[in-house]
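# Structural description and commentary
Listed here are the chains, written in short residue letters.
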Amino acid sequence: MPPDGTPIASHTPEAALSALHSQTAGLGAAEVQRRLRAFGPNQVERLAGEPVWLTLLREFTHFFALVLWLAAGLAFAAEHIEPGQGMAELGVAIVGVILVNGGFSFWQAYRAEQALDALRRLLPQRVKVRRDGRLDEIDAAGLVPGDVVSLAEGDKVPADCRALESWGVRVNLATLTGEALPKARVAEADPGASGDPLAARNLLLAGSLVVAGECSAVVYATGMHTEFGRIAHLTQTAGETESPLQKEIRRVSRLVALLALGIGLVFFAIGQAIGLPFWANFMFAIGIIVANVPEGLLPTVTLALALATQRMARRNALVRHLPAVETLGSATTILTDKTGTLTQNRMSVRELFAAGRHRLAAERWPGGGDFHLRAVARFCHSLKFPAGQPAGDPMEIALWQFAGPIPEPGERRGQIPFDAERRRMSVLTRHPDGSGQLWCKGAPEAVLPLCSQWMDGDTARPLDEATRAAFGRAHADMADRGLRVLALAWRPLAAGDAADEAQLALAGLVGLEDPPRPDVHAAVERCHAAGLRVIMVTGDHPRTAVAVAREVGIVRGANPTVIDGGALRCMAPAALQLALDAPEILFARVTAEQKMRIVQALQQTGEVVAVTGDGVNDAPALKTADIGIAMGLSGTDVAREAADIVLLDDHFATIVNAIEEGRAVFGNIRKFLTYILTSNIPELVPYLAFVLCRIPLPLTVIQILAVDLGTDMLPALALGAEPPHPDTMRSPPRPRHERLLSWPVIARAYFFLGPLEALGALAAFWFVMQAGGWVYGAMPAPTDPLYRQATTACLAAIVLAQMVNLFVCRHPREAAWRLPLGANPLIVAGLAVEAGLLLAIVYTEIGNRLFGTAPLPFDAWLFALPFALGLGVAEEARKGLLRYAGRRCGATPARH
């Protein structure tokens, strides 16, 4: 509000500038710095998130952790009641498990949040501002009251502004009022303006969206002083919804933990029934529970998502929401724009149809007979000219450059902006005497009905039906060759004539070329191989759409189904769903609202839909889709905020790469699950043998923890970091509701790999005991050197088998030797750490004391090694049979 207390909306543009001590040329650099110090940066304070200490606390109170806390508490209680049974050491070890696991999970989650904050900072809101008479582009945070900004369709209003000039501006105030209907904004003073800025017709408020037109405006409030700052809580969410993978991880976690508790209780009951001492039996029950809880599951999921996000960032896809990574893996359909995504967005005028004939764009007509065609191309645009060079829509830049220098036809007085429904735009110019011209360009079917004449050189002739048909044939011919066709028309205006889009003179047709990106065809082929359906949705003419779709490989058949916006408008929802059953379909001349209808229809048929978009009106479709993908180069702020993923290069191939990474995440978590569940069996079977066969316990609880939280941890995390395999995009998408812990995964881990490891572990234990002279029925003391050596052999056999298991778990069907180690350096690092830890546990004094182990003789290693190698041979033989059966049946490669 100005110093006199009157609402700024009631002032004229000149008075508003004066009240803010500004001018149309903008502020000077020194004054900007002074005001920036006085008013602070143009930023709305973010609502306080969850405190770091509370995030850390959550890592120690989830379901897995509570199970382990219970086990530790029982162990300490047992030590208190009957000291000297080893329960205190067990309790300390379990608490160590909880602390290591929780600390690692917190570290990964914290790193992921920091990475997301860094990605957000890569895409700050930019705004065009006039300072010292120059138009510059700066971060919106640098705006100060008194700055003069330029806003156009697609921009988010960066601060509270008062319009100075306005051409067909409409703004969406949904972020402030919840009302989605756009409101017009004008530059004229609003004498009846009250103190409510939302009701003023000439104010543009921070956070609102410019959905049409363009304007210049002066900033009068920034940061927390804006209306948006005062009601920021309306536009900030309180939390994030749980993603499908997060729900599945929670389900698996509880299922496995409950299974562990159940097995522990069952065997505790069995031990009591056969007369085992209570505390020994109790310790074994805790051991069974600990053996079956996959302590590393949660940190590995976080790591897999975080690494996939980082790999996608390196491949020019910024993930704004982590759950989007996993959803991409189940995408079945991609709805893609044409311009800039499939094509290079480097338009050039290639061909003309004017004066009754086709001409190359480079041809110059004798006597300047193409003046009016070039004049429309030169003056009918919404370009800006920072540093004297055109900036804006690539199509308008191409037309402006094609036209070349032409004398100015007068002062630009107004614009009727492009609209998706009208499919045309017009610019009004006037001379000092009041006469002028209306320049119009747009889709031929939108412009031709407005024309009553056509230009034959410099001569205007009546536009009869025969000539209309000739222009229609030329339009179809150019569109069939993949050219984007525009009609250019104009109308002279006498002083006092209204600037109506009527009685125009058709100057001609222009065919613009936008060649496909070089590697789009290969990316589309990858989609077909991966079972992904690609549907083009464009605002271009149907013939142009078909030509480009055929060139890039989206259309391969002779007769694709083509639905234009007019037909789509009349289709019932059921009819649209039936139409989408066509094997090849594309949509042309559609609006952004119709794109949302297509998304909803696909979702109704069970498809998981990824959608690209760059404009304001694309935001509803991006929000509705399972995955919204915005363009980082050509996209508007609105589209980027509505999207889950932002493409830094606006490239279709980047979408395919992102889907590949999403599929890899799900597969990697399955590999990890297979690996850790396999070791649960050789950890469980020794307890069964002890209870059922009345032999000494082959593996102690502390040694189980040495495997789960020691030797297995880094190799398991390495599987969670595997890059996508070439097979990833040669198999169909996984069903939306496919379980992470599926029956094939359970069968492979629990009933094949696990029993093989258990066999080797028990055999190694038996070998050492027999070599030391043990006889069946004797129960050695826990400190007996022979017993310690035997349990060490059991532990070593499990770890050796897991080292081999690491290789065979890298792919469910591919041979291990075909997977290069260099693709995942963590594999080698994991093996080195695993071997080092095992040797430290076996051969160092501190390792022997902590884990109850003893040094092994060389023959014990030689005995255990063939069992580990045998696991690898057996698993590779199983995978070989699967590959053979797949070739016989013509099956696609298995999902990871």
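Residues numbered from 1 in each chain as written. Predicted model: local features only at pLDDT ≥ 70, side-chain atom pairs only at ≥ 80, totals over all residues. Heavy atoms only, no water.

### A short note on the overall build of the chain
What the chain contains, in helices and strands, is 30 helices and 24 strands. The contacts in the chain between residues at least 6 apart in sequence include a share of 72% that link residues at least 24 apart. Split by element, the accessible area of the chain, about 37,000 Å² in all, is 61% carbon and sulfur. (Helix = DSSP H or I, 4+ residues; strand = E, 2+ residues; numbered from the N terminus. Contact = heavy atoms within 4.5 Å. Areas by Shrake-Rupley, 256 points an atom, 1.4 Å probe, with all protein chains shown as cover.)

### Concerning the packing of aromatic side chains
Taken as a whole and assessed by the stated rule, the structure comprises 10 aromatic pairs. Ring centres of F863 and F867 lie 5.4 Å apart, and the angle between their planes is 50°; on these two criteria the pair is classed as tilted. Of this pair, F863 and F867 both sit in helix α30 (residues 858–889), four residues apart, which is roughly one turn of that helix. Classification of F863 as partly exposed rests on a relative accessible area of 27%. Since its relative accessible area comes to 29%, F867 is described here as partly exposed. Ring pairing ties together the aromatic residues F353, W454 and F471, which thus form one cluster. Above the plane of the ring of W400 lies R378, whose end atom (NZ or CZ) is 3.8 Å from the centre. When the ring centre of F666 is taken as reference, the NZ or CZ atom of R734 above it lies at 3.8 Å. (Phe/Tyr/Trp six-rings, centres within 6.5 Å; stacked < 30°, edge-to-face > 60°. Buried < 20%, exposed > 50% of the residue type's maximum accessible area, 1.4 Å probe, protein only. Lys NZ or Arg CZ within 6 Å of the ring centre and 35° of its normal.)

### Section: the nonpolar core
Among the nonpolar cores identified, the biggest contains 116 residues, and I645 and F652 are the most heavily contacted of them. With 20 residues, helix α23 (residues 652–693) is the single largest residue contributor to this core. In this structure, F652 is in contact with I334, T336, T341, L342, V520, A523, V524, C527 and V534, ignoring residues within four places of it in sequence. Formed by 29 residues, the second largest nonpolar core is a distinct cluster that contains W365, L373, F379 and F402. (Core = buried A, V, L, I, M, F, W, Y, C linked by side-chain atoms within 4.5 Å.)

### Here we look at the pattern of salt bridges
In this structure the tally under the stated criterion is 31 salt bridges. Here R34 and E31 are joined by a salt bridge, their closest N and O atoms 2.9 Å apart. In this pair, R34 and E31 both sit in helix α2 (residues 29–39), three residues apart, roughly one turn of the helix. E31 sits in the partly exposed class, given a relative accessible area of 24%. Between E722 and R810 there is a salt bridge; the shortest N-O distance is 2.9 Å. With E722 in the loop between α25 (713–720) and α26 (743–771) and R810 in the loop between α27 (785–808) and α28 (825–843), the pair connects residues that are 88 residues apart, well separated along the chain. (Salt bridge = Lys/Arg side-chain N within 4 Å of Asp/Glu carboxyl O.)

### Describing the side chain of T343
Considering the arrangement of structural elements, one finds T343 in the loop between β9 (333–336) and β10 (348–354). In this structure T343 comes out as buried when scored by relative accessible area, which is 1%. Side-chain polar atoms of T343 contact the side chain of D514, separated by 2.5 Å. When neighbours within four sequence positions are excluded, T343 is seen to be in contact with K338, D514, P515, P516, R517 and V548. (Polar contact = N/O pair within 3.5 Å; in protein donor to acceptor, adjacent residues only side chain to side chain.)

### A look at the pairing of strand β21 (residues 585–588)
The two faces of β21 match: I585 and F587 on one face and L586 and A588 on the other face are all buried. Pairing of strand β20 (residues 561–564) with β21, which is carried by four bridges, proceeds in the parallel orientation. Residue pairing for β21: D564 is matched across the bridge by A588. (Pairing = 2+ DSSP bridges.)

### Concerning unusual backbone geometry
For H21, which is not glycine, the phi torsion reads 55° and is therefore positive. Along the chain, the position of H21 falls in the loop between α1 (13–19) and α2. A relative accessible area of 63% means that H21 is categorised as exposed. The phi torsion at A355 lies on the positive side, around 55°, for a residue other than glycine. Position of A355 among the secondary structure elements: in the loop between β10 and β11 (357–360).

### Re the confidence of the model for the chain
Should the pLDDT be low somewhere, the predicted coordinates at that spot are not to be read in detail. Model confidence for the chain is summarised by a mean pLDDT of 83, while 89% of its residues fall at 70 or above. The secondary structure element of the chain with the lowest average pLDDT is helix α6 (residues 174–177), at 64, and the one with the highest is α27, at 95. (pLDDT = per-residue confidence, 0-100.)

### Observations concerning the sheet that holds strand β24 (residues 645–647)
The mixed open sheet is built from six strands, whose spatial order is β8-β24-β23-β22-β9-β19. The open sheet terminates on both sides in strands that have one partner only, identified here as β8 (317–319) and β19 (533–536). The average angle at which neighbouring strand axes cross in this sheet is 20°, direction not considered. Pairing of β8 with β24, which is carried by three bridges, proceeds in the antiparallel orientation. In the sheet register, A317 faces β24, and the bridge partner there is L647. Packed onto the sheet, α23 meets β8, β9, β19, β22 (609–613), β23 (627–631) and β24 and runs at close to 155° relative to β9. (Axes fitted to C-alpha atoms, helices over the stretch in contact; angles between N-to-C directions.)

### Re the packing of helix α16 (residues 520–529) against α23
Contact geometry of α16 with α23 gives a least axis separation of 8 Å together with a crossing angle of 35°. Here α16 and α23 pass one another in a crossing that is left-handed. Residue-level inspection shows V520, A523, V524, R526 and C527 of α16 in contact with α23, the latter providing F652, A653, V656, N657 and E660. Taken together, the residues of the contact of α16 with α23 sort by class into seven nonpolar, one polar and two charged. (Left-handed = near helix turned anticlockwise from the far one by under 90°. Nonpolar A, V, L, I, M, F, W, Y, C, P; charged D, E, K, R; others polar.)

### Considering helix α20 (residues 592–604)
Taking 1.5 Å per residue as the helical rise, α20 with its 13 residues ought to reach 18 Å, and the 19 Å between its terminal C-alpha atoms agrees with that figure. Buried within α20 we find A592, Q594, K595, I598, V599, A601 and L602. Along α20, the residues classed as buried sweep out an arc of 165° about the axis, all on the same side. In the stretch just after α20, G606 is the one whose phi turns positive, near 95°. (Expected span 1.5 Å × (residues − 1). Arc of directions from axis to C-beta.)

### Some thoughts on the state of the cysteines
By definition, a disulfide is the covalent link that joins the sulfur atoms of two cysteine residues. All told, the structure shown has zero disulfides when counted by the stated rule. The thiol sulfur of C380 is not disulfide-bonded, and the nearest other cysteine sulfur, from C440, lies at 6.2 Å. The exposure class of C380 is buried, given its relative accessible area of 1%. Sulfur of C451: no disulfide; nearest cysteine sulfur belongs to C440 and is 7.3 Å away. Classification of C451 by relative accessible area gives buried; the value is 2%. (Disulfide = S-S within 2.5 Å.)

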